[in-house]
Each structure stands twice: as C-alpha cells, then as structure tokens.
Amino acid sequence: MNNRILITGALGQLGKFFIDSLINQGNYVLATDIKNSNDLNCDFEIFDVHDLKKGDELIKKYKINQVYNFAAILSAKGEINPAKTWDLNNAGFFNIVDICLKNKINKIFWPSSIAVFGKNSNLNFASIDEPMCPETIYGASKLACEKAMYYYNFKNIIDIRSLRFPGIVSNSKPGGGTTDYIVDMLFSAAKKKDFTCFLKNDTVLPMMHINDAVDASIMLMSIDKKNISINTPYNISSFETSPSKWRDTINSLGYELKIDYEVDFRQDIADSWPKKVDDSLLRKDIDWIPKFNEKETALDILKSIQL
C-alpha cells in the first residue's frame, strides 16, 4: 500500500490496532493525540484537532497522504458535557477536512456509529437510510458530520469513507461508550471477579471483533472509488448479543462470571440504538465478511488480555 498515514485520537480504543495493521501492510503511520505516549509502534506527535496550524505542519513535515480521523468523545462521556462533545466531534471532522484540502490530500477515513439511529428508526433491523433522530449529543454530532460527508462526496470535493461501527470488542480499556460493558465483562471474567452491568440483561446490541473492524476499514480505504455505491457511511456488524447472552458465551469457555445489574442512564441510550443492522451493501461492495462470531470473539480477546 505504501501510504503515509496520519491517525488522530490514536490513544483511543481503535488506534493501536489500526496502527499495527497499517504498518504490517507496508504503510508509514504517524500517530497523534492530545496526551503523550511511548506505547505505540510508530512515530508520535502531540496534536489537538482544533489546532489547524499544527495539523498543517505535521502533514507537511511527514509528507502525509491519508488521514484516519478517530478524535472524538464517545456516547456516555458525551452526555456529561454536550457542548464540549459537539465542539470536538464536529471541529475534528471539519478541521481535518480543511487541512486535507489545503494540502491536496484526497482520502480520509472517519468512523461513524450506530448512535446516529434513534427510536424513529427500525431498530430491529436498521437499514443504511433509516430515519434518524439520535438521542445523544454524540449521535447528533456523528449524524451532522455524516450529512457533511455526503456533501463533500456528492460534490467530489474530497473522498471521505466511513463505517457506522457497532460495539467494538478488544483487549483495550473502553473509553466512555454505551457498549463498554462487553469489554469490561471480559476483564472481570479474566480476573475472576463479579461484574455489575449498567444495562438490562436482555438489551441486544450489534457488536464486532476489533480485527474485523480494522480489516473492513482498511479494505474500504483500499478499493477503487467506483466500487463504492453510496456517499454516506456503510452499516457494519458481526453479531448481536446482550449482557446475559454474553455472560453465557463467556462461561461456555470455562469461566464462572456472575453479573449484578445496576441500570443507569446508559440504558436509555442503548434503547435508542439498533438491535441489528443491515450491512449487506458493505459486504457486497467490498467483498467482506467477518472472521469472528460471538464465541470466537470472546475466546480470542480473553486469550489476549494481560492482567
């Protein structure tokens, strides 16, 4: 591939997995975030996406030709400070677009989320173009940027590609999302500790293994633009589960995880998100299928957790 890629928000849940995969495929990667890190397998710079001057300097200094823009505040944390969330998520999107346009970079990956859906959507099986009235500021900010993405793509101003991620299952600590329980439960099982869940036992949401999320994203970025049939994000998912079903899956692997339930404000968020999404168009357009089902995901992540 041999691209020179800038990743924003690289210290979040997604960053390190994208970094390793992109480097393994022959790309140069510059990771950036607002705090320092020595734990990543690539060059690193401090960068706040509000700082247009610094972004321009980094792109010129490192001769960047692609950007993966992960800088964001997630759903649960976003409800604590809506104004900050709206500002960061939207400024991050538009500033990166502006910097790329100035430097003639024509391709951006920007992740959207199932948070763009709302209770007016068909939550039993959400299509790509459902009616959407999100009930979180995170979802509202993502939807606003989706509309801008459509504009930029439709007008052929810049090539922005995106997936609406469901809950992502990895061995990294979650960063303030409503689907965080799925990772926290794995850590509790590995530590042989009971788990207290903030969602009801039967709350079904779509999920996927981090490796499937990374592979699909890089495939989407790699294919010829003529194969992309929409100007908006694609839906994507691998399996659907609930806290009680996920516990049963974990325990089927030889664990004895016990759960208590203390439902909080995140239940209302989850109730406005799809139980299942229709990702058939993505699978057709980029010839992708997930490698991990629910049980394989739990087994693989549990094996990789370091206590």
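The preceding data block contains the structure.
Here goes a summary of the coordinates provided.

Calculation rules
Every chain is numbered independently, its residues counted from 1 as its sequence is written. Local features in this predicted model are restricted to residues of pLDDT 70 or higher, and side-chain atom pairs are both shown and tallied only at a pLDDT of 80 or more, whereas totals for entire chains, interfaces and linings draw on every residue. By convention in this description, side-chain values take in all heavy atoms of the structure and omit both hydrogens and water. Going along the chain from the N terminus, every DSSP run of H or I of four or more residues is numbered as a helix, and every run of E of two or more is numbered as a strand. For a compact globule the rule gives 2.2 Å times the number of residues to the power 0.38, and the radius of gyration it is set against comes from C-alpha atoms. The classification of residues rests on relative accessible area computed with a 1.4 Å probe and restricted to protein chains. Under 20% of the type maximum is buried, over 50% is exposed, and intermediate values are partly exposed. The contact rule is simple, with two residues in contact once any of their heavy atoms fall within 4.5 Å. What sets the accessible areas is the Shrake-Rupley method with a 1.4 Å probe; for residues, cover comes only from the shown protein chains. The charge count includes Lys and Arg as positive and Asp and Glu as negative, but it does not include His or the ends of the chains. Taken as the charge location is NZ of Lys, CZ of Arg, CG of Asp or CD of Glu. Strands pair, by our definition, only if DSSP identifies at least two bridges between them. For helices, the axis comes from a line fit to the C-alpha atoms of the stretch in contact; other axes are also lines fit to C-alpha atoms, and the angle between any two N-to-C directions lies between 0 and 180 degrees. Put simply, a disulfide is two cysteine sulfurs that come within 2.5 Å. Stacked, tilted and edge-to-face are the three classes assigned to paired rings of Phe, Tyr and Trp, where Trp is represented by its six-membered ring and a pair needs centres within 6.5 Å; plane angles under 30 degrees give stacked, over 60 edge-to-face, the rest tilted. Distance and angle both matter: a charge sits over a ring if NZ of Lys or CZ of Arg is within 6 Å of the ring centre and within 35 degrees of the ring normal. Roughly parallel means an angle under 35 degrees; roughly antiparallel means over 145; roughly perpendicular covers 65 to 115; every other angle is labelled oblique. Crossings are classed by handedness, with left-handed meaning an anticlockwise turn of the near helix from the far one by less than a right angle and right-handed meaning a clockwise turn. Amino acids are sorted into nonpolar (Ala, Val, Leu, Ile, Met, Phe, Trp, Tyr, Cys and Pro), charged (Asp, Glu, Lys and Arg) and polar (every other residue, Gly among them). A side-chain nitrogen of Lys or Arg and a carboxyl oxygen of Asp or Glu constitute a salt bridge if their distance falls within 4 Å. Polar contacts, as counted here, are pairs of nitrogen or oxygen atoms within 3.5 Å of one another; within protein the pair requires one atom able to donate a hydrogen and one able to accept it, and residues that are adjacent in sequence qualify only if both atoms are side-chain atoms.

## Considerations on the overall build of the chain
Per the secondary structure count, the chain includes 11 helices and 14 strands. Computed over the C-alpha atoms, the radius of gyration of the chain is 19 Å, within 12% of the 19 Å expected from 2.2 N^0.38 for a compact globule of 307 residues. Its C-alpha atoms give the chain principal-axis dimensions of about 55 × 45 × 40 Å. The buried share of the chain, taken over its 307 residues, is 57%. Here the analysis covers contacts within the chain between residues at least 6 apart in sequence; of these, 75% occur between residues at least 24 apart. Split by element, the accessible area of the chain, about 13,500 Å² in all, is 48% carbon and sulfur. In the chain, 37 positive and 39 negative side-chain charges are present, and the distance between their average locations comes to 4 Å.

## Quick look at the sheet that holds strand β13 (residues 239–241)
Read across the open sheet, the three strands follow the order β9-β11-β13; overall the sheet is mixed. Of all the strands in the sheet, just β9 (167–169) and β13 have a single pairing partner and so form its edges. The average undirected angle you get between the axes of adjacent strands in this sheet is 45°. As judged from the three bridges shared by strand β11 (residues 205–209) and β13, these two strands associate in the antiparallel manner. Paired with Pro-206 across the two strands is Glu-240, which belongs to β13. In the packing of helix α7 (residues 210–222) onto the sheet, contacts are made with β9 and β11, and the angle to β11 comes to roughly 80°. Running over the sheet, helix α11 (residues 294–304) touches β9, β11 and β13 and is turned about 80° from β13.

## With respect to the state of the cysteines
Here the structure, examined in full by the defined rule, presents zero disulfides. Its sulfur unpaired, Cys-42 is 17 Å from the next cysteine sulfur, which belongs to Cys-100. Not part of a disulfide, Cys-133 finds its nearest cysteine sulfur in Cys-145, a span of 17 Å.

## Brief notes about the packing of aromatic side chains
Applying the stated criterion to the full structure yields 13 aromatic pairs. Both rings, one in Tyr-150 and one in Phe-154, keep their centres 5.7 Å apart while their planes meet at 10°; by these two values the pair is stacked. Of this pair, Tyr-150 and Phe-154 both sit in helix α5 (residues 137–154), four residues apart, which is roughly one turn of the helix. Clustering of aromatic rings is evident, with ring pairs tying together Phe-18, Tyr-68, Phe-70, Phe-109 and Phe-165. Its guanidinium or amino end placed over the ring of Tyr-28, Arg-4 lies 4.1 Å from that ring's centre, counting from NZ or CZ. The ring of Phe-198 is capped by Arg-266, whose NZ or CZ atom sits 3.6 Å from the centre of that ring.

## Some words on the packing of helix α6 (residues 181–191) against α11
The interhelical angle for the contact between α6 and α11, taken along N-to-C directions, is 55°, at an axis separation of 10 Å. One finds that α6 runs oblique with respect to α11. Where α6 crosses over α11, the two elements pack in a sense that is right-handed. Between α6 and α11, the contacting residues are Leu-186, Ala-189 and Ala-190 on the first element and Ala-298, Ile-301 and Leu-302 on the second. Among the residues forming the contact of α6 with α11, the class breakdown is six nonpolar, no polar and no charged.

## Considering the packing of α6 against helix α8 (residues 243–251)
Direction vectors running N to C along α6 and α8 enclose 35°, while the axes themselves pass 11 Å from each other. In this structure, the crossing between α6 and α8 has a hand that is right-handed. Counting all contacts with α6, which are made through Tyr-181, Ile-182, Met-185, Leu-186 and Ala-189, the residues of α8 involved are Pro-243, Trp-246, Arg-247 and Ile-250. Of the residues contributing to the contact of α6 with α8, the split by class is eight nonpolar, no polar and one charged.

## Focus on the side chain of Asp-180
Inspection of the secondary structure assignment puts Asp-180 in the loop between β9 and α6. Filtering out sequence-adjacent residues up to four positions away, Asp-180 remains in contact with Pro-174, Gly-175 and Phe-198.

## Brief notes about the pairing of β11
Extensive coverage of β11 is indicated by the burial of five of its five residues. Of the two faces of β11, the one carrying Leu-205, Met-207 and His-209 and the one carrying Pro-206 and Met-208 are both buried.

## Some details on the pattern of salt bridges
Overall, the coordinates contain 14 salt bridges when judged by the stated rule. When the shortest N-O distance is used, the salt bridge between Arg-247 and Asp-248 registers 3.0 Å. According to the relative accessible area criterion, Asp-248 is partly exposed, its value standing at 44%. Via salt bridges that share partners, Asp-56, Lys-60 and Lys-102 belong to a single interconnected network.

## Section: the environment of Asp-48
When you line up the elements, Asp-48 lands in the loop between β3 (43–46) and α2 (52–62). Polar contacts involving the side chain of Asp-48 include one to the side chain of His-50, which spans 2.8 Å.

## Some words on the sheet that holds strand β8 (residues 163–165)
Taken in spatial order, the three strands line up as β6-β8-β12 in an open sheet, and their pairing is parallel. Across the chains shown, the open sheet's two edge strands, defined by having one partner strand only, are β6 (112–113) and β12 (234–235). Bridge count for β8 against β12 is two bridges, and the pairing is parallel. Bridged to Arg-164 within β12 is Asn-235.

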